[in-house]
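# Structural features, examined
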Amino acid sequence: MSTEATEQPTTVTRDGLSERTLSDITALLRDLLAEEGLDDVEIHRETAFHDDLELESIDLVTLAGSLRELYGERVNVALFVADLELDEIIALTVGQLVDYVADSLRAAP
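Residues numbered from 1 in each chain as written. Predicted model: local features only at pLDDT ≥ 70, side-chain atom pairs only at ≥ 80, totals over all residues. Heavy atoms only, no water.

## Comments concerning the overall build of the protein chain
A count of helices and strands for the protein chain gives five helices and two strands. Ordering the α and β elements of the protein chain from the N terminus gives β-α-β-α-α-α-α. Split into buried and exposed, the 109 residues of the protein chain put 38% on the buried side. The long-range share in the protein chain, meaning contacts at least 24 apart out of those at least 6 apart in sequence, stands at 70%. Accessible surface computed for the protein chain: about 6500 Å², of which carbon and sulfur atoms make up 50%. (Helix = DSSP H or I, 4+ residues; strand = E, 2+ residues; numbered from the N terminus. Buried < 20%, exposed > 50% of the residue type's maximum accessible area, 1.4 Å probe, protein only. Contact = heavy atoms within 4.5 Å. Areas by Shrake-Rupley, 256 points an atom, 1.4 Å probe, with all protein chains shown as cover.)

## Observations regarding the side chain of serine 18
Positionally, serine 18 belongs in helix H1 (residues 17–35). Here serine 18 falls in the buried class, since its relative accessible area comes to 3%. Of the polar contacts made by the side chain of serine 18, one reaches the side chain of arginine 106; its length is 3.1 Å. (Polar contact = N/O pair within 3.5 Å; in protein donor to acceptor, adjacent residues only side chain to side chain.)

## Things to note about the packing of H1 against helix H5 (residues 94–107)
Between H1 and H5, the least distance of the axes is 9 Å, while the angle of their chain directions is 125°. It follows from the interaxial angle that H1 and H5 lie oblique. Note on packing geometry: the crossing formed by H1 with H5 is right-handed. Here Leu17, Ser18, Thr21, Leu22, Ile25 and Leu29 of H1 lie close against H5, whose contacting residues are Val94, Leu97, Val98, Val101, Ala102, Leu105 and Arg106. (Axes fitted to C-alpha atoms, helices over the stretch in contact; angles between N-to-C directions. Parallel < 35°, antiparallel > 145°, perpendicular 65-115°, else oblique. Left-handed = near helix turned anticlockwise from the far one by under 90°.)

## Let's talk about empty space enclosed by the protein
One pass over the full model with this rule turns up one cavity of 30 Å³ or more. Size it by volume and the largest cavity reaches roughly 50 Å³. Lining of the largest cavity is provided by Phe49, Leu60, Leu63, Ala64, Val77, Val81, Leu92 and Leu97. By residue number, the principal contributor to the lining of the largest cavity is helix H2 (residues 57–71), which donates three residues. Looking at the lining of the largest cavity residue by residue, the class counts come to eight nonpolar, no polar and no charged. (1 Å grid on protein atoms, 1.4 Å probe; cavity = no way out; pocket = protein on both sides within 12 Å on 5 of 7 lines; lining within 4 Å. Points joined across faces, edges and corners; volume = space filled by probe spheres on them. Nonpolar A, V, L, I, M, F, W, Y, C, P; charged D, E, K, R; others polar.)

In structure tokens:
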């Protein structure tokens, strides 16, 4: 397995914001997974945080903090997750998070 992000079809604006967001989130996940000794995990839009990456809630909190550091107050992952049902949180994919972050960045003044 490789840690390279696999390009998947995505809705992208002309500026490629979704592609850059996927790249940023993939890099943050690689760092997070490397800390746990999982360097060879393949990450793409359909990758599920729970089933594929075996991340726990504390890992999502860490990722949320990293995204807030990277993008500032424009991206509030805690608010995004708070609107989800438990089964939706368990099934959350990298692509869903990418879409949320990109939409938040587009909406920000």
